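Below, each chain spelled out in residue letters.
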Amino acid sequence: MSGLLEALPRKLTITMWDFSWYTMTLPGEPYHDLAARFREAVERGYNTIRICAMPYMLFTEQGKRQGLLKLGNLGEVGQRTRWYNCKGGAELDGHARLLELFRQAQAHGCYIILSSWEYQQSPSFLAQPELRDGLAAIPPEARFMAIAGSMHQLIGFVKEHGYAGQIAYAELHNEVEFGQLTAVAVEQGIPETATPRVVEAMQPYIEEAIAFLRGQHPDVLISASYTLNEAYPKAYAAQNMQVAHFHLYVKGMIDELMDLAGLSDETLDFPNRFVKSLLRPEAPSFEQWNLPPGQEWRMEGNPVGMKLIYLHDWADTEKWDLFLYERYGAHKLAMLQKVDARFEEVEDWARHTNLPIVIGEGYLGYTPLYANFEEGPVGKFIAEYALRKGMSLGFWGMILCSNCAPHHPFWADIAWQRKWNQFILESD
């Protein structure tokens with residue numbers, strides 16, 4: 001494995017373009033001009049782009065899917081929510097789009113982390129539900145290998161066109177313990193909220209899929225994406241990963257806000273008094289605010305949920321940010337301790353397994369599109385604390401903040417991104 005690492009950058013500075021690089025491609029949208037976005041990424045000090053490579057949408061286990069990739073949106077729903085504010089209506093040659101991404105990566109000296117969000121959010125943005133239905137119809141125990149089969153074909157396609165050298169590594173799937181892959185644990189009677197047991201139940205299926213991909217592509221590093229949000233023994237993660245890829249959201253005040261909003265309690269009325277106190281005056285009732293008729297399928301299996309999108313769409317972002325600032329003092333120590341504990345735990349495990357560590361998402365949590373907390377002094381302090389900690393532990397790669405990407409306002413803060421990407425690149 002050391003030979004594979006030697007062919008890649010000494011440190012990875014990561015910006016996450018997720019599925020937005022193909023859902024936001026129309027004129028005026030952030031990814032209409034990929035060359036311009038790569039120029040901006042390099043200007044900010046990034047050398048790695050992390051994406052949903054849409055393996056299942058582009059490839060079967062046997063080869064290329066035919067036809068254009070037709071995209072939609074959620075109507076009025078999600079227009080002030082991160083990742084959901086796409087125009088919809090684009091028709092893409094998805095294979096050509098993938099090759100253009102790699103062509104621009106090569107031209108700009110960048111690398112690509114391949115992943116999949118297909119058992120999470122990305123099918124919500126298709127024009128029609130057939131591919132989403134196909135994913136849902138796969139038995140839970142077969143879903144891991146189904147994604148692996150498609151990812152195998154995608155990696156082979158990239159190689160055939162001469163871009164193998166731009167693959168940093170491939171993740172089987174994004175955040176495996178958060179989404180429809182957990183159905184294999186639920187079938188065993190394990191609650192989705194029992195994170196350690198869910199991770200343990202998925203382990204043999206993830207290891208089988210990783211073993212397949214490693215066998216097919218011994219020249220590409222293979223991993224899966226886990227989170228550090230909840231505690232669980234790392235011995236439950238796939239033991240044949242070649243990159244220890246993890247995400248950390250410390251949440252703190254956001255968890256308090258979510259608890260007060262009652263989003264996970266189906267017995268409570270929504271919106272409750274607290275939610276109403278955060279809304280803008282023009283907010284419609286939750287009952288009036290719906291997906292377009294016949295489009296309910298878009299949120300089936302999507303782990304974000306309509307209540308949270310309603311809150312993000314209609315929150316007064318100044319009130320949202322003010323709540324986080326007011327409650328920060330009560331959560332500060334616990335959040336910093338969480339960074340220390342989770343990163344040290346991963347470093348200890350990866351040191352014994354001789355794996356490079358990458359933090360591919362983080363650090364505060366999910367906030368409305370036009371909220372400014374993470375771009376402000378406290379949000380930056382939390383991110384900087386995590387970056388310093390990760391680099392002190394010798395991590396291979398880190399994201400500056402999940403919101404540092406062309407489809408988020410934080411992208412405009414060029415100086416801060418340059419400073420901290422340089423910090424990563426110069427770290428031992």
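Residues numbered from 1 in each chain as written. Predicted model: local features only at pLDDT ≥ 70, side-chain atom pairs only at ≥ 80, totals over all residues. Heavy atoms only, no water.

Draft legend 1. Local environment of the packing of helix H14 (residues 377–392) against helix H15 (residues 414–426). The N-to-C vectors of H14 and H15 enclose an angle of 15 degrees; their axes lie 10 Å apart at closest approach. Taken as axis vectors, H14 and H15 run roughly parallel relative to one another. As H14 packs across H15, the resulting crossing turns out to be right-handed. Only Trp416, Trp420, Phe423 and Ile424 of H15 make contact with H14, whose side of the interface consists of Lys380, Ala383, Glu384, Leu387, Arg388 and Met391. (Axes fitted to C-alpha atoms, helices over the stretch in contact; angles between N-to-C directions. Helix = DSSP H or I, 4+ residues; strand = E, 2+ residues; numbered from the N terminus. Parallel < 35°, antiparallel > 145°, perpendicular 65-115°, else oblique. Left-handed = near helix turned anticlockwise from the far one by under 90°. Contact = heavy atoms within 4.5 Å.)

Draft legend 2. Region of the structure containing the packing of aromatic side chains. Under the counting rule described, the total for this entry stands at 25 aromatic pairs. Between the aromatic rings of Trp17 and Phe38, the centroid separation amounts to 5.0 Å while the plane-to-plane angle is 70 degrees, which identifies the pairing as edge-to-face. Of this pair, Trp17 sits in strand E1 (residues 12–18) while Phe38 is found in helix H3 (residues 34–43), placing the two residues 21 residues apart along the sequence. Phe38 matches Trp17 in its accessibility class, with the two residues each being buried. Geometrically, the ring pair formed by Tyr226 and Phe246 is tilted, given 6.1 Å between the ring centres and 35 degrees between the ring planes. (Phe/Tyr/Trp six-rings, centres within 6.5 Å; stacked < 30°, edge-to-face > 60°. Buried < 20%, exposed > 50% of the residue type's maximum accessible area, 1.4 Å probe, protein only.)

Draft legend 3. Fine view of the pattern of salt bridges. Counted by the stated rule, this structure contains 18 salt bridges. Its salt-bridge partner being Glu43, residue Arg418 comes within 3.4 Å of it at the nearest N-O pair. Of the two residues, Arg418 sits in helix H15 while Glu43 sits in helix H3, which places them 375 residues apart along the sequence. Arg418 gets classed as partly exposed once you look at its relative accessible area, which sits at 43%. For Glu43, a relative accessible area of 37% corresponds to the partly exposed category. In this structure, the salt-bridge partner of Glu256 is Arg327, at a minimum N-O distance of 2.9 Å. (Salt bridge = Lys/Arg side-chain N within 4 Å of Asp/Glu carboxyl O.)

Draft legend 4. Spatial organisation of helix H7 (residues 143–160). Helix length check: H7 (18 residues) gives 26 Å between terminal C-alpha atoms against 26 Å at 1.5 Å per residue, within 8%. For H7, the buried fraction is high: 15 of the 18 residues fall into the buried class. Where H7 terminates, the next one or two residues include Gly162, which has phi positive at roughly 85 degrees. (Expected span 1.5 Å × (residues − 1).)

Draft legend 5. How the structure looks around the environment of Leu263. Within the secondary structure, Leu263 sits in the loop between helix H10 (253–261) and helix H11 (273–278). Through-space distance from the C-alpha of Leu263 to that of Val339 is 25 Å; in sequence the pair is 76 residues apart. Here Leu263 is in contact with Met258, Phe270, Lys307 and Leu308, once residues within four sequence places are set aside.

Draft legend 6. Focus on the nonpolar core. Membership of the largest hydrophobic core comes to 154 residues, with the highest contact counts inside it found for Trp17, Tyr22, Leu114, Ile206, Tyr226, Phe343 and Tyr363. When residues in this core are grouped by element, the largest group, 10 residues, is from helix H13 (residues 317–353). (Core = buried A, V, L, I, M, F, W, Y, C linked by side-chain atoms within 4.5 Å.)

Draft legend 7. Structural view of the environment of His161. One can find His161 in the loop between H7 and strand E6 (167–171). In this structure, the C-alpha to C-alpha distance between His161 and Arg103, residues 58 residues apart in sequence, is 9.6 Å.

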